[in-house]
Amino acid sequence: MSRPPVIGLLGGGQLGRMLCEAAGPLGYHVAVLDEDGCPAKQVNGSDKHVCGSFKDAAKVRELAARCDVLTVEIEHVNADVLEDIAVRGVPSASGELRKVPVHPSWRTLRLVQDKYEQKEHLRANGIPVASQMALDGGELLAVSLGHAYHRLAFPFMVKARKGSYDGRGNFKVSGPDDFEAAIDALGALPLYAEKWVPFAMELAVMVIRTEDDDGECTGVYSYPAVETVHEDDVCKTVLMPPRKVDAAVCDNAQRVAEQVVRSLWGRGVFAVEMFLLQDGTIMVNEVAPRPHNSGHYTIEAVPYMSQYKAQLCAILDIVPKSLRLTPRVAQAAMANILGGANPDSHDKLVGLAETEYIDGTDIYLHLYGKASKPGRKIGHITFTTPSPDVDLLRTIGPFINQIDAIRQ
Ligand code: ATP
Ligand code: MG
Ligand code: MG
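The sections below set out a description of the structure shown in this document. Here the structure is a predicted model, which is why all the values come from computation and not from measurement.

1. Side note on the coordination of the magnesium ion (ligand 2)
Around a metal, the idealised angle for a tetrahedral arrangement of four donor atoms is 109.5 degrees; for an octahedral arrangement of six donor atoms it is 90 or 180 degrees.
So, point 1. Protein-derived coordination of the magnesium ion (ligand 2) comes from E286 (OE) and E286 (OE), at a distance range of 2.3 to 2.4 Å.
So, point 2. Between the magnesium ion (ligand 2) and the magnesium ion (ligand 3), a spacing of 3.8 Å is present, and a bridge between the two is formed by E286.
So, point 3. With respect to the element layout, E286 can be found in strand β16 (residues 282–288).

Take a look at the structure:
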């Protein structure tokens, strides 16, 4: 690998932007495949960037030819091309094929892209997941929904198997009257049904996975469990630690997440989204093999190894063996800035984050350089405090009020 190594990144949104921000001080060169002017390219000049779509096989090969290793900021990429690049290679200057490692592995990407297959894999590995059933498409869908009711009972969730995010491919079915609306909303896509989980809370754990050159897992390192609060299926806030959850439950969430990540392939950081049930047990919702919204707080709370630095260290295989991911603050809260009805709907919130000073609580504003659209993630604010005792959510109440006002 050349020094400094050139890391090729598929996708240049906010996760890619924050990855580039972590790479800068370390002297790593990140070449981004996405449109010019995307959030990641705005903060990272490079003569190795490729302009185009990360879904375009020719562009992915062009990027690979310029890089030492490839990684992703999004799982909805072409796994077949990545397999070919990692296993067969891309032509080098001399015309010979040069293999370019892909982390996380194309095998993981291919698996998690299909949420139904992902859960089947987790169940086969002894990880608790909700009961699910593949649904037939076309004219058979209505009958298949009836079968889902017999297998899963109402309510259940109809989910798109592929390509969804922020709950956009999900539809809750509470009774037969909802069948038609579910078919109208999602009927054109490959679907599955998932039993409704009456969770007490949602948790997430970020895990770093290291691997040797033979593909053997050499370590998993988990960050603390966080509470993720969703509104309309979109993450609103992330709280570290979770509210009123026993340390033993948080520990268990970390162990389950580590088990999930051990069962996958490749190096990098992985987010494990989980449901915490009323009885204190954990069920896994889904895995994202990349930095994640629920890990933004690590930039300030675990500054020596944020999830972004961890992604870089993992794919370059330089994670310290004795690494412990202990937060440097007692509490952190992350609040997403979602676009509102107007392009300036979030201005007041941003103004507050720019000018407010709260003694004992640090406020960190992140804007992603994205045009505002209703419901679009355009930034986030992280709050940290060294005090375990302050009611952090109450302290940041004026910010939460502004966030709620944007949604009105
Ligand atoms: P992401 O942006 O996290 O990738 P996604 O589109 O893949 O989202 P899911 O994670 O499947 O969607 O679901 C989004 C949210 O919907 C979950 O965080 C949870 O709040 C709710 N949800 C999903 N599945 C269930 C379920 N089986 N029972 C109850 N609530 C659910
Ligand atoms: Mg998802
Ligand atoms: Mg999710």
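Still to come is the rest of the account.
2. Here we look at the sheet that holds strand β10 (residues 191–195)
So, point 1. The sheet built from four strands is open, its strands ordered β7-β10-β8-β9 with antiparallel pairing. Whereas interior strands pair on both sides, the edge strands pair on one side only; in this sheet they are β7 (132–134) and β9 (170–173). Neighbour to neighbour, the strand axes of the sheet diverge by 25° on average, direction disregarded.
So, point 2. The sheet contact formed by strand β8 (residues 156–160) and β9 spans four bridges and is antiparallel. Residue M157 lies in a different strand from β9, and its bridge partner there is K172.

3. Digging into the environment of D246
So, point 1. With respect to the helices and strands, D246 occurs in the loop between β14 (234–240) and α9 (247–262).
So, point 2. Accessibility expressed as a relative area gives 56% for D246, which makes it exposed.
So, point 3. The spatial distance from the C-alpha of D246 to the C-alpha of G280 is 8.9 Å, given a sequence separation of 34 residues.

4. Quick notes on unusual backbone geometry
So, point 1. Cis peptide bonds are those with omega within 30 degrees of zero, and the linkage from H103 to P104 qualifies with 0°.
So, point 2. Its place among the elements puts P104 in the loop between β6 (97–98) and α5 (106–113).
So, point 3. A cis amide bond, omega -10°, links F154 with the succeeding residue P155.
So, point 4. Its location among the elements puts P155 in the loop between α7 (141–152) and β8.
So, point 5. A positive phi angle, near 70°, is found at D233, a position not held by glycine.
So, point 6. Tracing the backbone shows D233 in the loop between β13 (226–231) and β14.
So, point 7. You will see that K244, though not glycine, has its phi angle at about 50°, which is positive.
So, point 8. Along the chain, K244 falls in the loop between β14 and α9.

5. Considering helix α1 (residues 14–26)
So, point 1. Over its 13 residues, α1 runs 19 Å from end to end, which matches the ideal 18 Å to within 8%, given 1.5 Å per residue.
So, point 2. Of all the positions in α1, only Q14, L15, G16, R17, M18, L19, C20, A22 and A23 are classed as buried.
So, point 3. Positioned one or two residues after α1, G27 has a phi angle of 80°, which is positive.

6. Brief notes about the site of ligand 1
So, point 1. Near ligand 1, the surroundings consist of 21 residues, among which K159, D166, G167, E202 and E286 are the closest.
So, point 2. At a separation of 2.9 Å, a nitrogen atom of ligand 1 approaches a polar side-chain atom of E194.
So, point 3. Interatomic distance of 2.7 Å between a side-chain N/O atom of E286 and an oxygen atom of ligand 1.
So, point 4. When ligand 1 is considered free in solution it has 620 Å² of accessible area, and contact with the protein chains removes 94% of it.
So, point 5. Elements supplying a minimum of two residues to the shell around ligand 1: β8, β10, β15 (268–276) and β16.
So, point 6. The residue inventory of the shell around ligand 1, partitioned by class, reads six nonpolar, five polar and 10 charged.

Rules and cut-offs
Residues numbered from 1 in each chain as written. Chains lettered and ligands numbered in written order. Predicted model: local features only at pLDDT ≥ 70, side-chain atom pairs only at ≥ 80, totals over all residues. Heavy atoms only, no water. Donors = N, O, S within 2.8 Å, 3.2 Å for Na, K, Ca; no water. Helix = DSSP H or I, 4+ residues; strand = E, 2+ residues; numbered from the N terminus. Pairing = 2+ DSSP bridges. Axes fitted to C-alpha atoms, helices over the stretch in contact; angles between N-to-C directions. Buried < 20%, exposed > 50% of the residue type's maximum accessible area, 1.4 Å probe, protein only. Expected span 1.5 Å × (residues − 1). Near = heavy atom within 4 Å. Polar contact = N/O pair within 3.5 Å; in protein donor to acceptor, adjacent residues only side chain to side chain. Areas by Shrake-Rupley, 256 points an atom, 1.4 Å probe, with all protein chains shown as cover. Nonpolar A, V, L, I, M, F, W, Y, C, P; charged D, E, K, R; others polar.

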